[in-house]
Amino acid sequence: MSGPRLRVFVGSLSHETNSFSPIPTSLRAFEADILHRQGDARTLSQALTFPAYGDAVELGEARGHEVVAGLCAWTQPSGPLPRPVYERLRSELLEGIAAARPDLIVLVLHGAMMAEGYDDCEGDILAQVRDLVGADMPVGAVLDLHGNVTAQMIDSATVLIGCKQYPHTDYRDRVGELYDLLERTRRDEIAPRTVYRRGPVVGPIGTTEGPMQTFVEGLFGHEGRDGVLSVSMMHGFPWSDSTHTGSASLVVHDGSQPDLADATADEMVRGFAEVSSGTAAGRMRGVEDVLAEADQQLANDRPIVIADGADNPGGGAACDSTFILRALIERGQTDAALGMIWDPQAALIAADAGVGAHIPLRIGGKIGPMSGLPVDAEVEVIAVREDGLQRGLTGKLSEPLGLAVAVRIGGIDVIINSIRQQVFSPECFTAMGIDLSEKRVVVVKSTQHFQAAFAPMAAAMIYCNAPGSLNMDLSTLPYRNLILPA
């Protein structure tokens, strides 16, 4: 889409907040992951690897815009931000917008960010941006579909668009969609308005297969007709404990047929409730049931991949739980691999012992009750690396493992590393010399983002609902603010 050269501000302040996470969130955490401050050439290249933010900068430049690359702040999901940290980063974002004097604003937010004193950070950010730039400035945001939507967010933004896919493979497309609508708004071709409907509280549901894939295809079917400009279905993030936690449908329309926009929002939230009720129930299988199911499929010459989503650090879990590892050891499992357990102390001890060493090692279970008890085992150190990488959401070898070791406990190879992150791709195993084609069972600490890279080599992928900070049995979590449907 061509048009006049515009000055576009791109910024991001993004965090998926897990109210039950034992991991604190600090400014140092942002600095260790992604913290690009406006005008700092040293950190821009790292910021451009962040999905949606990098896409927004690149697409804006490709459209001939003058792009101001503002604050980009992201860190791994964890507990609520301290108030001073949140307010400092928010102020930097606002100061950057004021200095840029843009024609339109593209923000990359999450939707489930919380801080001390702020249970709706995105609503607060958007409201303050709106107060700063006035009523006429086109302000849009791309959201993770695991965000929780509020009226303040809707009222403050010109356009909100959630990614439609999980795994999140469509950020670039959604950024392009957002650009189109903001540019058309700037040219006074449209005056977008948004309706939304609250839906049920559910856990993460993949969109690549089954009824949810069909449901997502239906979202596209509503767009571009009857005045509907964009449809998003926000799945919500149930581990952010707030009064607005839950799913929501968003329908951006041009105002020509408001009744149809309302009906579309109602239809989407009803359809999502129907689809998710059956899908979520299928993930409520515990450790022993899942391992028994894996046993029944072991005749295949490819491994069974088991997802330990309850200990996924990509949702705020500690990533050091031992429930599945302990069960594998007790069952005498052979030809198995498990990764990655975040345990810097154990990684250092094993690394110091060196490859070939046989040592007693205490593994995992260190962060809190939801991690289980540590596993004490006699291990053989089979690999040590400090330069291992795995592919991330961008498909590039961009995610360092930190100090990482592979240890063998009987017939089980375990990856222990020092940078807390979920498993995205087989490289976190193969970088440590583990050939997954020789394994019968592979356990990954991830919920869904592992799927694209592991599907080609897996005989089957099974989702396990082990204990943990992201346990799918939400009734076990100590909510204080969640409002459930009557």
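The text that follows walks through the structure, step by step, so that each part is easy to find. Keep in mind that this is a model prediction, so the values were computed, not measured. (Residues numbered from 1 in each chain as written. Predicted model: local features only at pLDDT ≥ 70, side-chain atom pairs only at ≥ 80, totals over all residues. Heavy atoms only, no water.)

**Let's talk about the overall build of the protein chain**
- Secondary structure summary: the protein chain contains 14 helices and 19 strands in total.
- When the backbone C-alpha atoms are referred to their principal axes, the protein chain occupies close to 70 × 50 × 40 Å.
- Looking at the protein chain residue by residue over its 486 residues, the buried ones come to 60%.
- Working note: accessible area of the protein chain is about 18,300 Å², and carbon and sulfur atoms make up 50% of it.
- The protein chain carries 38 positive and 62 negative side-chain charges, and their two centres are separated by 2 Å. (Helix = DSSP H or I, 4+ residues; strand = E, 2+ residues; numbered from the N terminus. Buried < 20%, exposed > 50% of the residue type's maximum accessible area, 1.4 Å probe, protein only. Areas by Shrake-Rupley, 256 points an atom, 1.4 Å probe, with all protein chains shown as cover. Lys, Arg positive; Asp, Glu negative; His and termini not counted. Charge placed at Lys NZ, Arg CZ, Asp CG, Glu CD.)

**Considerations on helix H4 (residues 83-100)**
- Look at H4: 26 Å from first C-alpha to last across 18 residues, which is about the 26 Å you get at 1.5 Å a residue.
- Of the positions making up H4, those classed as buried are Val85, Tyr86, Leu89, Arg90, Glu92, Leu93, Leu94, Gly96, Ile97 and Ala100.
- Buried-residue contacts for H4 involve strand E1 (7-14), helix H1 (27-32), strand E2 (34-36), strand E3 (66-74), strand E4 (104-108) and helix H5 (121-133).
- Backbone geometry just downstream of H4 places Arg101 in the positive-phi region, at approximately 50°. (Expected span 1.5 Å × (residues − 1). Contact = heavy atoms within 4.5 Å.)

**Remarks on the state of the cysteines**
- This structure, assessed with the given rule, holds zero disulfides.
- Not part of a disulfide, Cys72 finds its nearest cysteine sulfur in Cys163, a span of 16 Å.
- Look at Cys72 and you get buried, because its relative accessible area is 0%. (Disulfide = S-S within 2.5 Å.)

**Digging into the packing of helix H10 (residues 287-296) against helix H11 (residues 323-331)**
- For the pair H10 and H11, the least separation of the axes is 10 Å and the interaxial angle reads 55°. Considering their axes alone, H10 and H11 lie oblique with respect to each other. The interaxial crossing formed by H10 with H11 has right-handed handedness. Each of Val287, Glu288, Leu291, Ala292 and Asp295 in H10 lies in contact with H11, whose residues at this interface are Phe323, Ile324, Ala327, Leu328 and Arg331.
- Its residues placed into classes, the contact of H10 with H11 shows seven nonpolar, no polar and three charged. (Axes fitted to C-alpha atoms, helices over the stretch in contact; angles between N-to-C directions. Parallel < 35°, antiparallel > 145°, perpendicular 65-115°, else oblique. Left-handed = near helix turned anticlockwise from the far one by under 90°. Nonpolar A, V, L, I, M, F, W, Y, C, P; charged D, E, K, R; others polar.)

**Observations regarding the packing of aromatic side chains**
- In the structure shown here, the tally under the stated rule is seven aromatic pairs.
- Ring plane angle 35° and centroid distance 5.8 Å describe the contact between Phe50 and Trp74, whose orientation is recorded as tilted. Of this pair, Phe50 sits in the loop between helix H2 (41-47) and helix H3 (53-62) while Trp74 sits in strand E3; the two residues are 24 residues apart in sequence, bridging distant segments of the chain.
- A relative accessible area of 22% places Trp74 in the partly exposed class.
- Over the ring of Phe220 we find Lys164, and its NZ or CZ is 4.9 Å from the ring centre. (Phe/Tyr/Trp six-rings, centres within 6.5 Å; stacked < 30°, edge-to-face > 60°. Lys NZ or Arg CZ within 6 Å of the ring centre and 35° of its normal.)

**Points about the sheet that holds strand E18 (residues 441-444)**
- On the basis of which strands lie adjacent, the open sheet formed by eight strands has the order E12-E13-E16-E17-E11-E18-E10-E19 and mixed pairing. Whereas interior strands pair on both sides, the edge strands pair on one side only; in this sheet they are strand E12 (358-363) and strand E19 (460-464). On average, each strand axis in the sheet is tilted by 30° relative to the strand beside it, whichever way the strands run.
- Alignment of strand E11 (residues 336-342) against strand E17 (residues 412-417), held across five bridges, turns out to be parallel. For Ala337, the partnering residue across the bridge sits in E17 and is Asp413.
- The sheet strands contacting helix H12 (residues 344-353) are E11, E12, strand E13 (375-385), strand E16 (404-409) and E17, and the helix crosses E12 at an angle near 175°. (Pairing = 2+ DSSP bridges.)

**Brief notes about the side chain of Gln451**
- Looking at the secondary structure, you find Gln451 in helix H14 (residues 451-454).
- On the basis of relative accessibility, which here comes to 7%, the residue Gln451 falls in the buried class.
- Engagement of the side chain of Gln451 in a polar contact is seen with the side chain of Thr208, the distance being 2.6 Å.
- Apart from the residues lying within four places of it in its own chain, the contact partners of Gln451 are Pro167, Thr208, Glu209, Met461 and Tyr463. (Polar contact = N/O pair within 3.5 Å; in protein donor to acceptor, adjacent residues only side chain to side chain.)

**Thoughts on the pairing of strand E9 (residues 248-253)**
- Across the six residues that make up E9, a large majority, six, are buried.
- Burial of E9 is two-sided: the residues Ala248, Leu250 and Val252 facing one way and the residues Ser249, Val251 and His253 facing the other way are all buried.
- Here strand E8 (residues 228-234) runs beside E9; their pairing, made up of six bridges, is antiparallel. Looking at the pairing, Val228 lines up with His253 of E9.

**Digging into the packing of H4 against H5**
- Contact geometry of H4 with H5 gives a least axis separation of 11 Å together with a crossing angle of 30°. As far as their axial angle goes, H5 and H4 are roughly parallel. Relative to H5, H4 is oriented so that their crossing is right-handed. Every residue of H5 that contacts H4 at Tyr86, Arg90, Leu93, Leu94, Ile97 and Ala98 is listed here: Cys121, Asp124, Ile125, Gln128, Val129, Leu132 and Val133.
- Of the residues belonging to the contact of H4 with H5, the class tally is 10 nonpolar, one polar and two charged.

**Quick notes on H3**
- In terms of burial, H3 is largely enclosed, as seven of its 10 residues are buried.
- Turning to H3, its buried residues number three or more, namely Tyr53, Gly54, Asp55, Ala56, Val57, Leu59 and Gly60.
- Elements in contact with the buried residues of H3: E1, E2, H2, E3, E4 and helix H7 (171-186).
- Backbone geometry just after H3 places Gly64 at a positive phi near 85°.

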